[in-house]
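Structural description and commentary
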Amino acid sequence: MPVEPVWQFNIISINNLLLGLLLLIMFIYLLSRGEKTREIFSLLAFIGMLFFWQAAHLLANTLFDPVSAYPLYYFHNSGITVLGYTGLAVFSYDFIIPLFNRERKVVFYAGLVIGFLMIMHALFVEFPVPARLRFDPVLDVYSADPTPLRKYIIFVQVILSLLVVKNMVCKAVALRGESRRFALRTAIAIALGLVSVPLVYALKKAVGMDQGMVNTVLSVIASFVIVYFFWSYVDRAGIRFLYSDKIRLILLFFLMIIIGAVISFTFMVYRDSYFRGLAEVARNVAFDVGEGRDDRDYYERRYGGSVEYITVKVTGESRDRFLHGFRGFLPAPGNIADGAVRRDAVLRGERVSLYYTLRNGDRMIQVGFPYDRYRRQMHEFVSVGFFTSLGVVMLLFILLPALVSVSLINPMRGLLSGIEELQRGNLDHSIDVVSLDEIGYITDQFNSMVADIRERGERIERSEKKYRELTSLLPDIIYETDTELRITYLNEAGMALTGYGAEELARGVPIGDLMDAEDYAIIRELVSRKAGDSAVSIFTHRVKRRDGGFFFGENNAGRIVSEGRVEGLRGVIRDVTEKMRLEQRLVQSQKMEIIGSLAGGIAHDFNNILGGIFGSISLMEFKIREGMTGPGALEEEIATMKISAERGMKMVERILGISKRQRLAMGVVDLNRIAEHVRDICRNTFDRKIELDFRIDGSSPAVVIGDATQLEQVLLNLCINAHDAMTVMRTPEEERRGTLSVLIDRVPADGDFLARYADASEIDYIRIRVEDGGVGMDSFVLAHVFDPFFTTKENLRGTGLGLAMVYNIVKQHYGFIDVESRVGVGTVFTVFIPSTELQEGPREEARETGHTMGKGLILLIEDDITIQKTCEKILGILGYDVIVAENGQRGIDIYRERHGEIDAVILDMVMPKRSGKETFVELKAIEPSVRVLVSSGFRNDSRIDDVLALGARAFLQKPYTMEQLSKVLAEILSDTDG
């Protein structure tokens, strides 16, 4: 007859119920409060799989019916568990920090594919075959034999578990600090959960532990792992985990331990007692059989209420004897000792038979008991124990939170309300101290902290007010930016100077709008540096106003760094326009001072040059008067005049180079060549009693990145100071002589060098050492030697700007300067400029390959009569027709009349009535394609740059040769672009 389904508790079903409840709480909590990320979803997949696993076990252990075995059979053998373990593996890859991304993708997709294939195989191959049911007498449940697919499922689960352990160990090794400890704890928890089953079963095998107790131990371990992992993970993931939630979770954990432990121990005792009672009944039956009682009525009267059947098999007889009920002899081993009792349970169809087998002489006696009655009694006992334990724990569950609420949660809520008031800015709020326990102490400390915060806030408010007032009074621009270099703060002076108001700042004003692109790159680079690098940059740049104007500002900018991250810039920009103008005037004044110091030597050298020219002219006049004009008779005098003229040109170029005003023109410069130029100047201008000792190694270039003119001025200034220290600064009684030594060499930045010079960096330097045997300096003078306007020279002999200018130029070249001096012994100035591995470009040598003939009409606009005549003759010899205009206005009039005939114009820049630039503009208006050759004795003139930018074809420096003029004219006339 079919089995009637019975809903009954057993010890394992209670553990399944509590574990499933824990997993369900964990699943709902993470799903509702956790951030929806791949990490959370993969973890939820594993937790969901565990929950359905416990639900299937709960059904199998609660419903006493064959149908209860099928859900667990389908769950275990379908491959669904592979998907759950895949979720755990993906979680282990994403946990805390992503790791092995490519491997994670492979595992994820492989797990999905394998799990899907296993599910399909189970649905269409394994499950259509009827399951082979069996009964487990130890656990008292129906079960089914696993399919062949089960071993492959277990294999995949083991592989995925090993990957999880590997990932967690790798993260525990790779991370540092609190993250490392958290990863290590989580790895241990997960590993314990994965290996708990084989460990406990190994323990069972070793000590013979009861299966019910094994299941209880596993449930306790699983609940501990779940609670520990859940508690740690929600804290780490930033999920709000209230104190009341923590108390309920702890109570639920202890509920599992208490109920599981109490019911497991009492169940084993009660079950063993129940079975001992049945065994005693079986022995009584055997005793009666041994006494020869064969009356069925006797057995039905005495045992009919408790025994289901009594069957006797006698050795040698083929038929069983039924003393009570009708049940054939069930399988039993034949080696039962005389008087021994053996208990068995067997599945017959869909019913379970519980029976005892005994031996009494030649008789084998089998006594069957109703299995349903055993299950009902076990269910009643477990139910009583379960509900009793549950009632006690629920009472604690109600009373303990109430007690905790009164003594802990309510005071904590007071603290939370105080914190909320503090967050709203209410610093006058105070919390009442209701007890002198730990919460009361924390409350008192909180009140003290709020009072301290209030006091500090008032100080900060006063300080901020003072700061705001000071920044509003300052004439400098004070600004702050974010990481995108948008201005977030600008003081009143900044708004006034730049023209931007609060509305523009609110919309967002990039600081790049206030400066040129190359200056903005400096600011951008400052923000992009690493947090440990230098964080301050001082540089001068043009500051653009909103109305299109500009001024020069000195920008002292520093980064805003918080917790190792750059959050923007903060800086001060000072208007230095007037200061720069003054500095330029002072520098120019110092340059003119140098020229004044060299004036005597320049006059001497020019007289030598003029002497060569006049002497040659007198010789030529004599030879002409005497008729000595044959071929080659005048070549020597002409060559002498040419050499003297070239010397004069070079001297003029050097004087102009010293006196000219210009911005730094940085390039690759060989300091040896600069030293050679300075040596030539000193040799021609200094007192002949000063011995020059220039140690220049031409075979080893001293190459730096710099402005050649500025660096030449540095060396020339130092040499002039050395000369004056040995001559004009001596007393009349002292002899005015000495040695000026100049040394240029390369210095490596080794440890001793870096220790000696604090301003040095770990790069090689080119050293310029200037030493004199002059009057020297005492400590006071030495301390002020680089101060502007500080001088020890007599009145009208120095401005005190020379060494200040030297110091500034050296700083502009990222170098530094050192000075040593002793009174009466002399002074040594040492300049260090960073060296470079770049090569200096080849020198441009003037190569004249002869004059180039031409033709056409040339308009020569020149006010100097000598240049007029000379240029007119040269042009005539070259084959050109020439029209001469003595000033700009005359040139304009001629060009207006004959511009269709004129092929090119030679235009002087400095003329009366109309300047060269004004004349060019008028010529351009008459004929936009006019070909103009600009000529002047001074190239470094902004007017020349303006004319060239407006369309002049070329520039020719005076004085020039026939070859130079012919070449430039030929190039202009051959240019058809126009």
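See above for the structure.
These notes cover the structure that comes with them.

Attention now goes to the overall build of the protein. Helix and strand counts for the protein come out as 27 helices and 27 strands. Counting all 978 residues of the protein, 42% fall into the buried class. Counting only contacts in the protein whose residues sit at least 6 apart along the sequence, the fraction spanning at least 24 positions is 66%. Just so you have it, the protein exposes about 52,100 Å², and 57% of that area is on carbon and sulfur atoms.

Next up on the list: the packing of helix α4 (residues 80-94) against helix α6 (residues 149-174). Where α4 contacts α6, the two axes come as close as 9 Å, and the packing angle between them is 10 degrees. Judged on the interaxial angle alone, α6 and α4 are roughly parallel. Residues Thr81, Val82, Tyr85, Thr86, Leu88, Ala89, Ser92, Tyr93 and Asp94 of α4 lie in contact with α6, whose contacting residues are Ile153, Val156, Gln157, Leu160, Ser161, Leu163, Val164, Lys166, Asn167, Met168 and Lys171. Of the residues belonging to the contact of α4 with α6, the class tally is 11 nonpolar, six polar and three charged.

This brings us to the sheet that holds strand β9 (residues 363-369). In a beta sheet, neighbouring strands are held together by backbone hydrogen bonds and run either parallel or antiparallel to one another. As summarised here, the arrangement of the five strands in space is β6-β5-β9-β8-β7, forming an open sheet in which the pairing is antiparallel. Both edges of this open sheet fall to β6 (321-324) and β7 (341-348), since each of them pairs with a single strand only. On average, each strand axis in the sheet is tilted by 25 degrees relative to the strand beside it, whichever way the strands run. Pairing between strand β5 (residues 309-314) and β6: three bridges, direction antiparallel. Among the inter-strand pairings, Ile310 is bridged to a residue of β6, identified as His324.

Attention now moves to the packing of aromatic side chains. Applying the stated criterion to the full structure yields 26 aromatic pairs. Between Tyr356 and Phe369, the ring centres sit 5.5 Å apart and the planes meet at 90 degrees, which makes this aromatic pair edge-to-face. Placement of Tyr356 in strand β8 (residues 351-360) and of Phe369 in strand β9 is noted, with a sequence separation of 13 residues between them. Measuring from centroid to centroid gives 6.3 Å for Phe753 and Phe816, while their planes differ by 45 degrees, and the two rings are tilted. With Phe753 in helix α20 (residues 751-756) and Phe816 in strand β21 (residues 816-822), this pair connects stretches of sequence that are 63 residues apart. Among the aromatic residues, those joined into a cluster by ring pairs are Phe753, Tyr757, Tyr765, Phe816 and Phe832. A cation sits over an aromatic face here: Arg542 above Phe550, 4.3 Å from the ring centre.

With that out of the way, let us pick up a nonpolar patch on the surface. Taken together, the side chains of Ile154, Phe155, Val158, Ile159 and Leu162 define a hydrophobic patch exposed on the protein surface, amounting to about 470 Å² of accessible area. Counting through the fold element by element, Val158 comes out in helix α6. For Val158, a relative accessible area of 43% gives the class partly exposed.

Here we take up the environment of Ile617. Tracing the chain through its elements places Ile617 in helix α16 (residues 577-625). Accessibility expressed as a relative area gives 30% for Ile617, which makes it partly exposed. Through-space distance from the C-alpha of Ile617 to that of Ile638 is 8.5 Å; in sequence the pair is 21 residues apart.

In this section: the sheet that holds strand β23 (residues 857-861). Here five strands make up an open sheet; going across it, the order is β24-β23-β25-β26-β27 and the pairing parallel. Across the chains shown, the open sheet's two edge strands, defined by having one partner strand only, are β24 (881-885) and β27 (954-957). Direction aside, the axes of adjacent strands within the sheet are offset by 20 degrees on average. The pairing of strand β26 (residues 932-936) with β27 spans four bridges and is parallel. Bridge pairing links Leu933 to Ala954 in β27. Taken strand by strand, helix α25 (residues 916-926) contacts β23, β25 (904-908) and β26, and its axis lies near 160 degrees from that of β25.

So, on to the pairing of strand β19 (residues 738-747). Across six bridges, strand β17 (residues 690-695) lies against β19 in parallel orientation. Residue pairing for β19: Phe694 is matched across the bridge by Val742.

Here we take up the packing of helix α18 (residues 671-685) against helix α19 (residues 708-726). The geometry of α18 relative to α19 is characterised by a closest axis approach of 10 Å and an angle of 45 degrees between their N-to-C directions. One way to sum up the angle between α18 and α19 is to call them oblique. In this structure, the crossing between α18 and α19 has a hand that is right-handed. Across from Leu671, Ile674, Ala675, His677, Val678, Ile681 and Cys682 in α18, the residues of α19 making contact are Ala708, Leu711, Glu712, Leu715, Leu716 and Cys719. Counted by class, the contact of α18 with α19 contains 11 nonpolar, one polar and one charged residues.

Here is what the cut-offs are and how they apply
- Residues numbered from 1 in each chain as written.
- Predicted model: local features only at pLDDT ≥ 70, side-chain atom pairs only at ≥ 80, totals over all residues.
- Heavy atoms only, no water.
- Helix = DSSP H or I, 4+ residues; strand = E, 2+ residues; numbered from the N terminus.
- Buried < 20%, exposed > 50% of the residue type's maximum accessible area, 1.4 Å probe, protein only.
- Contact = heavy atoms within 4.5 Å.
- Areas by Shrake-Rupley, 256 points an atom, 1.4 Å probe, with all protein chains shown as cover.
- Axes fitted to C-alpha atoms, helices over the stretch in contact; angles between N-to-C directions.
- Parallel < 35°, antiparallel > 145°, perpendicular 65-115°, else oblique.
- Nonpolar A, V, L, I, M, F, W, Y, C, P; charged D, E, K, R; others polar.
- Pairing = 2+ DSSP bridges.
- Phe/Tyr/Trp six-rings, centres within 6.5 Å; stacked < 30°, edge-to-face > 60°.
- Lys NZ or Arg CZ within 6 Å of the ring centre and 35° of its normal.
- Patch = residues over 30% accessible without salt bridge, like charges linked within 9 Å, V, L, I, M, F, W, Y side chains within 5 Å.
- Salt bridge = Lys/Arg side-chain N within 4 Å of Asp/Glu carboxyl O.
- Left-handed = near helix turned anticlockwise from the far one by under 90°.

Scope: geometric values only; no functional claims are made or implied.
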